[in-house]
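The chain contents come next:
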Amino acid sequence: MQMFTAAKKGIDLRLTAKNFFGLIAPELELVEAEYERQVNSNIQVVNFLGEYVRASGGKRVRPALLLLAVYAAGGIGKDPSAVRMATVMEMLHTATLVHDDIIDNAGLRRNRESVNARFGNQTAVLMGDWLYMNAFEASLKERSLEILDILTRLTRQMTEGELIQLTLIGKVDLTHDEYFDIVRRKTAYLFSGCCEIGAILGQIDQSGRAGLRNFGMNLGVAFQLADDLLDITADESSLGKSAGADLIEGKVTIPLILLIEQDDSVRAIVQKIFETGEFPAELRADILGRMRTRGIIDQVRSIAAEYAGTSRKNLEVLPETEYSRALDAIPEFVIERQN
């Protein structure tokens with residue numbers, strides 16, 4: 001198989017990253033239509049809630065990953081199985097967000113009221129459950145034990161990640177191992193599952209399947225590192241949710257882990273935020289200033305870039321096509337994004 005890296009080929013990564021959605025725009029339209037069909041119900045309240053969730057939008061990164069993986073593996077992204085499974089992955093992702101917002105008592109999601117804020121926790125729990133079950137019911141149509149095994153495994157990992165994180169809420173001295181374990185479970189396994197299911201649908205060999213699976217795992221870690229940095233550095237309008245939400249919710253992420261290691265006085269500040277649930281703008285500016293002074297932001301970006309670089313190396317087992325090049329550009333998009 002022909003090896004490649006985008007850098008060697010002189011590809012404009014930033015341009016490619018911005019346009020990789022365009023490469024599969026018709027397929028993503030099919031996914032959107034399938035999503036709308038899947039959340040349609042003859043039960044009026046379910047139909048209303050399903051449309052509210054679907055219309056909340058999102059980047060559709062996970063469906064895009066699956067579709068590009070299908071094509072990169074030699075399959076057809078417009079195939080009904082590919083469209084259906086891309087929709088399944090977005091529904092699973094949405095279900096986790098609905099449940100996470102309940103746990104975090106979040107009021108905003110993608111610049112709209114979260115389901116729990118708009119309709120209450122009881123309704124949100126049931127809607128998240130309904131999305132999970134609907135996703136698994138749709139996946140059964142593939143009649144594939146391999147795909148079901150991946151879906152059940154990643155769903156278990158995500159649930160365990162949430163439970164582990166709950167036991168560590170309010171813990172200031174979170175270790176690197178604890179942090180990355182949560183990141184892999186809550187984020188990276190879903191990315192990996194998207195890519196591996198795409199590989200299965202594209203019928204690539206075991207080497208290609210492993211490459212795509214590992215690509216998704218490393219990409220997912222890079223994605224979450226960038227997300228955790230944005231929680232500290234971005235404003236609320238860019239994030240589509242409350243800025244500094246992690247700290248307010250009692251969660252320590254890698255930027256703060258590194259800062260506390262270098263500036264022990266921050267420990268007491270973080271503890272106070274946990275106790276009061278308040279993270280005023282002036283305190284946020286102070287913490288951000290300390291991070292910039294000590295080079296923490298660049299350090300986190302460097303760690304994210306390492307994972308992104310590893311994910312791109314995972315793709316070297318694939319034949320060079322416009323779809324594998326698009327996958328190769330996604331890590332740059334992930335770590336450079338502003339929301």
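All values derive from a computational prediction rather than experimental measurement.

Definitions and limits used
Residues numbered from 1 in each chain as written. Predicted model: local features only at pLDDT ≥ 70, side-chain atom pairs only at ≥ 80, totals over all residues. Heavy atoms only, no water. Helix = DSSP H or I, 4+ residues; strand = E, 2+ residues; numbered from the N terminus. Expected span 1.5 Å × (residues − 1). Bend = angle between axes of the 7 residues up to and from the residue. Buried < 20%, exposed > 50% of the residue type's maximum accessible area, 1.4 Å probe, protein only. Salt bridge = Lys/Arg side-chain N within 4 Å of Asp/Glu carboxyl O. Arc of directions from axis to C-beta. Core = buried A, V, L, I, M, F, W, Y, C linked by side-chain atoms within 4.5 Å. Contact = heavy atoms within 4.5 Å. Phe/Tyr/Trp six-rings, centres within 6.5 Å; stacked < 30°, edge-to-face > 60°.

Next up on the list: helix α10 (residues 176-202). With 27 residues, α10 extends 36 Å between its outermost C-alpha atoms, agreeing within 8% with the 39 Å of an ideal straight helix rising 1.5 Å per residue. Along its length, α10 shows its largest kink, about 45 degrees, at A188. The element α10 is largely enclosed, with a buried count of 19 among its 27 residues. After α10 finishes, the residue Q203 shows a positive phi value of roughly 60 degrees.

Across all of its chains, the model carries 22 salt bridges by this definition. Across the pair R60 and E32 runs a salt bridge, and its minimum N-O distance is 2.9 Å. Here R60, found in the loop between α4 (44-55) and α5 (61-72), pairs with E32, found in helix α3 (residues 25-38); they are 28 residues apart in sequence, far enough to count as distant. Between E162 and K186 there is a salt bridge whose closest N-O contact spans 3.0 Å. You can see E162 sitting in helix α9 (residues 145-167) and its partner K186 sitting in helix α10, a full 24 residues away along the chain. Within the structure, one salt-bridge network assembled from shared partners comprises E146, E196, R209 and R213.

It is worth spelling out helix α15 (residues 266-276) at this point. Because an α-helix packs 3.6 residues into every turn, residues spaced three or four apart end up facing the same way. Burial in α15 covers these residues: V266, I269, V270, I273 and F274. Projected onto a plane normal to the axis of α15, the buried residues spread over an arc of 140 degrees and lie on a single side. Exposed residues lying more than 90 degrees from the buried face of α15 are A268, K272 and E275. Directly beyond the C-terminal end of α15, a positive phi value near 70 degrees is found at G277.

Moving on, we come to the environment of E316. For E316, the location among the structural elements is in the loop between α17 (296-314) and α18 (322-336). On the basis of relative accessibility, which here comes to 24%, the residue E316 falls in the partly exposed class. Along the sequence, E316 and G211 sit 105 residues apart, while their C-alpha atoms lie 7.8 Å from each other.

A separate point is the nonpolar core. Counting 65 residues, the largest nonpolar core has L65, M89, L92, L151, L212 and L327 as the members making the most contacts within it. For this core, the element with the most residues is helix α6 (residues 80-104), which contributes eleven residues. In this structure L92 touches Y132, A135, F136, L151, L154 and T155, once residues within four positions along its chain are discounted. Among the nonpolar cores identified, the runner-up in size contains 38 residues, and V172, A222, F274 and A304 belong to it.

The next thing to look at is the packing of aromatic side chains. Overall, the coordinates contain nine aromatic pairs when judged by the stated rule. Ring centres of F20 and F21 lie 4.4 Å apart, and the angle between their planes is 25 degrees; on these two criteria the pair is classed as stacked. On the numbers, 5.2 Å between centres and 85 degrees between planes, the contact of F20 with F333 is edge-to-face. In this pair, F20 is assigned in helix α2 (residues 13-23) and F333 in helix α18, connecting sequence segments 313 residues apart.

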